[in-house]
Amino acid sequence: MATVDTSLEGQTSGAAARLAAAHSAEHTLKLYGGWFCPFVQRAWILLVEKRIPHQYIEINPYHKAPEFLALNPRGLVPTLAIAASKPLYESTIICEYLDEAFPDESEHGKRLLPTAADDEQGGGVYERARCRLWIDHICSRIVPCFYKFIQHTPDKGYTLEEVRKEFLGHLKVFVAEMDSTPGKGPWFLGERFSLVDVMLAPWAKRLFLIDHYKEGGVGIPGVGKGQGTEEDEQVWERWRRWFAAIVERPSVKETWSKDEQYVAAYKRYADDTTQSQVAKATRAGKSLP
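Treat the numbers as computed from the prediction; the structure is a model and nothing was measured.

Draft legend 1. Structural context of the overall build of the protein chain. If you tally the helices and strands in the protein chain, you get 14 helices and four strands. Here the protein chain has a C-alpha radius of gyration of 19 Å; the compact-globule value for 289 residues is 19 Å, and the two agree. Its C-alpha atoms put the protein chain at 55 × 55 × 30 Å along the principal axes. Relative to its full complement of 289 residues, the protein chain shows a buried share of 49%. In the protein chain, the share of contacts with a sequence separation of at least 24, taken over all contacts with a separation of at least 6, comes to 70%. Approximately 13900 Å² of the protein chain is accessible, and the part contributed by carbon and sulfur atoms is 54%. Taking the average place of the 36 positive charges on the side chains of the protein chain and the average place of its 39 negative ones, the gap between the two points comes to 3 Å.

Okay, here's the thing in structure tokens:
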């Protein structure tokens, strides 16, 4: 039986600790989370982006309180409690719910998924569907491959170079779909920050962990060092523009603990010894929980 390492740091630090403290007071809307979890960070980013009053509750992954397990018997974070008996889980569902439940733009900013109201010709409806299509690409291709990448060890049935190529391929397909209109903003939709950007942000912030633990790092080419084609260089230039913007986005920075905490926590993934549900699913070649 695998030994579970329970030495994981149990609290937020840095900017995330300040944010958690600011949202520690009792509130009917509660986010149960864990500082180390990128799926939690998705939901937390959205709460910050939309300026939604809430209570943040840090969950100890090794000692889960009965009241939390009553809300979510699977014991996974994030869990959103809308009221004592109305829980939601799954980060994409939580984020869509929050975007729809707090629609007042004067109080909560522009919707993060386009709506029919964005375009009299129905373009908003199409763009919302397109956003969901590429959110699925993030969830079903990029994120699982991130774990396959960081969990690589020499005994795997695939090489480090093979998984690096696979990961970069998924990124390139995604980046090719970004709005590349000259002079527009850096986000997936150009000037408009959207749920698509939120969905990938936590793993963009964690790419430095692959650079730290895996020989050759992520392997994203530098300026002028792509495959020698103009198209390849344009794709990676567009990625660099998005990446530079997302890691500096206030909501992303405010929900981030100190880098060294993540380095320590993700050593379990780099060694492929962690017994998290995500890691076990990756190891077994199954869909992420």
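Still to come is the rest of the account.
Draft legend 2. Local environment of the confidence of the model for the protein chain. Residues with a pLDDT of 70 or more make up 95% of the protein chain, whose mean pLDDT is 92. Predicted confidence for residues 1-5 stays below pLDDT 50, and this span has six contacts to residues more than four positions away or in other chains.

Draft legend 3. Quick look at the pairing of strand 1 (residues 30-33). Here strand 1 shows a buried face lined by K30 and Y32 and a second buried face lined by L31 and G33. With four bridges connecting them, strand 1 and strand 2 (residues 55-58) associate as parallel partners. Counted as the bridge partner of G33 is E58 from strand 2. The handedness of the strand 1 to strand 2 crossover, carried by helix 2 (residues 38-49), is right-handed. Direction of pairing for strand 1 relative to strand 3 (residues 79-81): antiparallel, over a ladder of three bridges. What sits directly across from Y32, in strand 3, is T79.

Draft legend 4. Broad picture of the side chain of H137. Along the polypeptide, H137 turns up in helix 6 (residues 123-150). In this structure H137 comes out as buried when scored by relative accessible area, which is 11%. In this structure the side chain of H137 is engaged in a polar contact, spanning 2.9 Å, whose partner is the backbone oxygen of H170. Beyond its immediate stretch of four places on either side in the chain, H137 contacts I142, H170, V173 and F174.

Draft legend 5. A look at the pattern of salt bridges. Counted under the stated rule, the structure contains 19 salt bridges. For the salt bridge of R130 with E177, the shortest nitrogen-to-oxygen distance reads 3.8 Å. Pair noted here: R130 is in helix 6 and E177 is in the loop between helix 7 (160-175) and helix 8 (195-205), with a separation of 47 residues, a long-range link. Judged by its relative accessible area of 14%, R130 is buried. On the basis of relative accessible area, E177 is assigned to the partly exposed category, the value being 32%. E248 is the partner of K253 in a salt bridge, and the nearest nitrogen-oxygen pair spans 3.0 Å.

Draft legend 6. Spotlight on empty space enclosed by the protein. Considering all chains together, one arrives at one cavity of 30 Å³ or more under this definition. When its volume is computed, the largest cavity comes out at roughly 50 Å³. Considering the residues around the largest cavity, the lining is formed by I142, F146, F167, L171, L200, W203, A204, L207 and W239. Looking at the lining of the largest cavity, the elements that each hand over two or more residues are helix 6, helix 7 and helix 8. No other element matches helix 8, which puts three residues into the lining of the largest cavity. For the lining of the largest cavity, the class distribution of residues is nine nonpolar, no polar and no charged.

What counts and how
Residues numbered from 1 in each chain as written. Predicted model: local features only at pLDDT ≥ 70, side-chain atom pairs only at ≥ 80, totals over all residues. Heavy atoms only, no water. Helix = DSSP H or I, 4+ residues; strand = E, 2+ residues; numbered from the N terminus. Rg over C-alpha atoms; globule rule 2.2 N^0.38 Å. Buried < 20%, exposed > 50% of the residue type's maximum accessible area, 1.4 Å probe, protein only. Contact = heavy atoms within 4.5 Å. Areas by Shrake-Rupley, 256 points an atom, 1.4 Å probe, with all protein chains shown as cover. Lys, Arg positive; Asp, Glu negative; His and termini not counted. Charge placed at Lys NZ, Arg CZ, Asp CG, Glu CD. pLDDT = per-residue confidence, 0-100. Pairing = 2+ DSSP bridges. Right-handed = clockwise from strand over helix to strand, strands pointing away. Polar contact = N/O pair within 3.5 Å; in protein donor to acceptor, adjacent residues only side chain to side chain. Salt bridge = Lys/Arg side-chain N within 4 Å of Asp/Glu carboxyl O. 1 Å grid on protein atoms, 1.4 Å probe; cavity = no way out; pocket = protein on both sides within 12 Å on 5 of 7 lines; lining within 4 Å. Points joined across faces, edges and corners; volume = space filled by probe spheres on them. Nonpolar A, V, L, I, M, F, W, Y, C, P; charged D, E, K, R; others polar.

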